[in-house]
Amino acid sequence: MNWLNKLERKFGRYAIPNLIVYLIGAYSVGFVLNMVAPNILGYLNFQPYYILHGQIWRLITWILMPTDSNIIFLLIMMMFYYQLGTALERAWGTFRFNAYIIGGILLTEVGSLLAYGLIYLFMGGNFAYTASTMMGQMISTSYINMSIFLAFATLYPDMQVLLYFIIPIKMKWMAAVYVVIMIFSVWDTYHAIYAYTQSASTALWYAGIMLLCIVMSLLNYLIFFLSTRNLSRYTPHEVHRRQQFKAQMREPRPGSGIAKHKCAVCGRTELDDPNLQFRFCSKCEGNYEYCQDHLFTHQHIRRV
C-alpha cells in the first residue's frame, strides 16, 4: 500500500493515539443528549440540505448520534469496540488506524452529499429535502463500527467469541452473520416503508438511501484491504513473527563473544558471569552501566 506508506511518512506525527476512546466518548455524549434533550439531536445529525445551507457543524456533530438507546447494550457495544479498536491500532499502528476510521467517516459524508446532489438533479428539490431528512435519521457511526468489526474479523478470522455471552463462534462466521443482518435490515426497511406509504417507489428510494449509507461507510474497508496484495503483512502471525525477529536481532548471537552489558568500573560482562545483573545509573551524566557490585558504590560521573 505505497500511497498509505507515503502518507504515513508525511503525516504520521499528526496521528491521534487511542482514537477509539474519543469515538466511544462521542457515543456517550450522544446517548446523554438523547436522554436529557432529544430535540437537540435534530440540529446535530447529518442532513445534506442543511449543510449546504450553512450548518456546516453537522459535518462533525453527526458522530455524536447515539447508536443505541438502551444503556445496557450501549455499554456492551462500547466495551466490545474498545477491545477491537485497540487491537487494530496495535496491529496496524496509530496512523493506519486513524486513516481507516477517518476515511470511513469522510467517505460516508462524501457519498451522502453526492447522493443528495443526484437526487436533487433528477428528482427535484422537494424529494431531495425528504431524502436529506431520511439521511439524518439513518446516518450514524453504526456502520463505521461495522467496518471496525469486519477489519478485526479479517485479521483474526479464527478468534472465538461468545455470542450473547453463551454461544461460541469464530469471528469469520460472526462477520458473515453481521453482513446477512445488514442485508436483511435493508429488505426489512423496504417492506416497512411500503406498508406505511403504500408506495413502492418511496420504499425503494428509502431502502436505496440506506444501502448507499452502508456501502459508503464500508467502502474504507474495501479500499484498505483490496488496495494491497500483501494482506499477510497485517495478520497476527506475521506481526508476531516480525516482533520476534527484531527481538532476536537485538540479542547477541550465542558464542559470538559479543557482550550486551558491560560494567563501567570493573569491565565485567554477562559473558563473564551469567548471574550478573546490570543497571544504568540515573545520576551519572551519560550512558554508564554498572554491575550489581558497583551500582551503589561507584563515583557518579559529571560532565565538566
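For the structure itself, consult the block above.
Thresholds applied
- Residues numbered from 1 in each chain as written.
- Predicted model: local features only at pLDDT ≥ 70, side-chain atom pairs only at ≥ 80, totals over all residues.
- Heavy atoms only, no water.
- Patch = residues over 30% accessible without salt bridge, like charges linked within 9 Å, V, L, I, M, F, W, Y side chains within 5 Å.
- Areas by Shrake-Rupley, 256 points an atom, 1.4 Å probe, with all protein chains shown as cover.
- Salt bridge = Lys/Arg side-chain N within 4 Å of Asp/Glu carboxyl O.
- Helix = DSSP H or I, 4+ residues; strand = E, 2+ residues; numbered from the N terminus.
- Buried < 20%, exposed > 50% of the residue type's maximum accessible area, 1.4 Å probe, protein only.
- Polar contact = N/O pair within 3.5 Å; in protein donor to acceptor, adjacent residues only side chain to side chain.
- Contact = heavy atoms within 4.5 Å.
- Axes fitted to C-alpha atoms, helices over the stretch in contact; angles between N-to-C directions.
- Parallel < 35°, antiparallel > 145°, perpendicular 65-115°, else oblique.
- Left-handed = near helix turned anticlockwise from the far one by under 90°.
- Nonpolar A, V, L, I, M, F, W, Y, C, P; charged D, E, K, R; others polar.
- Phe/Tyr/Trp six-rings, centres within 6.5 Å; stacked < 30°, edge-to-face > 60°.
- Core = buried A, V, L, I, M, F, W, Y, C linked by side-chain atoms within 4.5 Å.

Q: Looking at this structure, I do not really get a nonpolar patch on the surface. What am I missing?
A: On the surface, I71, I72, F73, L75, I76 and M79 cluster together into a nonpolar patch covering about 580 Å² of accessible area. Position of F73 relative to the elements: it lies in helix α5 (residues 71-92).

Q: Help me understand the pattern of salt bridges in this model?
A: Where side chains of opposite charge bring their charged atoms close, a pairing between them can arise. Counted by the stated rule, this structure contains three salt bridges. As a salt-bridge pair, K172 and D158 come within 3.3 Å of each other at their nearest N and O atoms. Linking K172 in helix α9 (residues 171-197) with D158 in the loop between α8 (142-155) and β1 (160-163), this pair joins segments that are 14 residues apart in sequence. For D158, a relative accessible area of 49% puts it in the partly exposed group. The salt bridge involving D293 is made with R268; its shortest N-O contact spans 2.6 Å.

Q: I keep staring at the side chain of N220 and nothing clicks. Help me out?
A: Residue position: N220 is located in helix α10 (residues 200-226). Under the relative-accessibility criterion, N220 is labelled buried at 5%. From its side chain, N220 meets the backbone oxygen of Y100 in a polar contact 2.8 Å long. Not counting the four nearest positions on each side in its chain, N220 is found in contact with Y100, G103, G104, L107 and S147.

Q: Please explain the packing of helix α6 (residues 94-123) against α8 as it appears in this structure.
A: Helix packing geometry: the angle between the two helix axes and the distance between the axes. At a closest axis distance of 10 Å, the pairing of α6 and α8 adopts a crossing angle of 140 degrees. Between α6 and α8, the crossing angle belongs to the class labelled oblique. In the crossing of α6 with α8, the sense of the turn from one axis to the other is right-handed. Touching Y100, I101, G104, I105 and T108 of α6 are I144, S147, I148 and A151, all from α8. Of the residues belonging to the contact of α6 with α8, the class tally is six nonpolar, three polar and no charged.

Q: How should I be thinking about unusual backbone geometry in this particular structure?
A: What you tend to see is this: most non-glycine residues have negative phi, and most peptide bonds are trans. Positive phi outside glycine occurs at N18, with the angle close to 55 degrees. You can see N18 is positioned in the loop between α1 (2-11) and α2 (19-36).

Q: Looking at this structure, I do not really get the packing of aromatic side chains. What am I missing?
A: What characterises a pair of aromatic rings is the spacing of the ring centres plus the angle enclosed by the ring planes. Applying the stated criterion to the full structure yields twelve aromatic pairs. Judged by centre distance (5.1 Å) and plane angle (65 degrees), the rings of W92 and Y100 are edge-to-face. Across the pair, exposure class does not vary: W92 and Y100 are buried alike. Considering the side-chain rings of Y190 and Y194, the 6.4 Å spacing of their centres and the 10 degrees angle between planes classify their relative orientation as stacked. Of the two residues, Y190 and Y194 are both situated in helix α9; the distance of four residues between them amounts to about one turn of the helix. Exposure remark for Y190: the relative accessible area of 22% places this residue in the partly exposed category.

Q: Quick question: what am I supposed to make of the environment of W62 here?
A: Note that W62 resides in the loop between α4 (58-61) and α5. W62 gets classed as buried once you look at its relative accessible area, which sits at 0%. Taking the C-alpha atoms as reference points, W62 and G30, separated by 32 residues in sequence, lie 9.1 Å from one another. At 2.8 Å, the side chain of W62 and the side chain of E109 are in polar contact.

Q: Can you help me understand the environment of T61 in this one?
A: By the element assignment, T61 lies in helix α4. For T61, a relative accessible area of 16% corresponds to the buried category. When the C-alpha atoms of T61 and A26 are compared, they prove to be 9.0 Å apart, with 35 residues separating the residues in sequence.

Q: Whenever I open this one, the packing of α8 against α9 confuses me. Can you help?
A: For the pair α8 and α9, the least separation of the axes is 9 Å and the interaxial angle reads 150 degrees. In terms of orientation, α8 and α9 fall into the roughly antiparallel class. Here the hand of the crossing between α8 and α9 comes out left-handed. Where α8 approaches α9, its residues Y143, M146, F149, L150, F152 and A153 are matched on the opposing element by M171, M174, A175, Y178, V179 and M182. Class assignment for the residues of the contact of α8 with α9 results in twelve nonpolar, no polar and no charged.

Q: What exactly am I supposed to notice about the nonpolar core here?
A: One recurring pattern in soluble globular proteins: nonpolar side chains tend to sit buried together. Ranked by internal contacts, the top residues of the largest apolar core, which has 71 residues, are L88, W92, Y100, I101, I148, I209 and F225. Those elements giving two or more residues to this core turn out to be α2, α5, α6, α7 (125-138), α8, α9 and α10. Among the elements that take part in this core, α10 stands out by supplying eleven residues, more than any other. Contact partners of I209, with chain neighbours within four places excluded, come to I119, A131, M134, M135 and M138. Formed by eight residues, the second largest nonpolar core is a distinct cluster that contains C284, Y290, C291 and L295.

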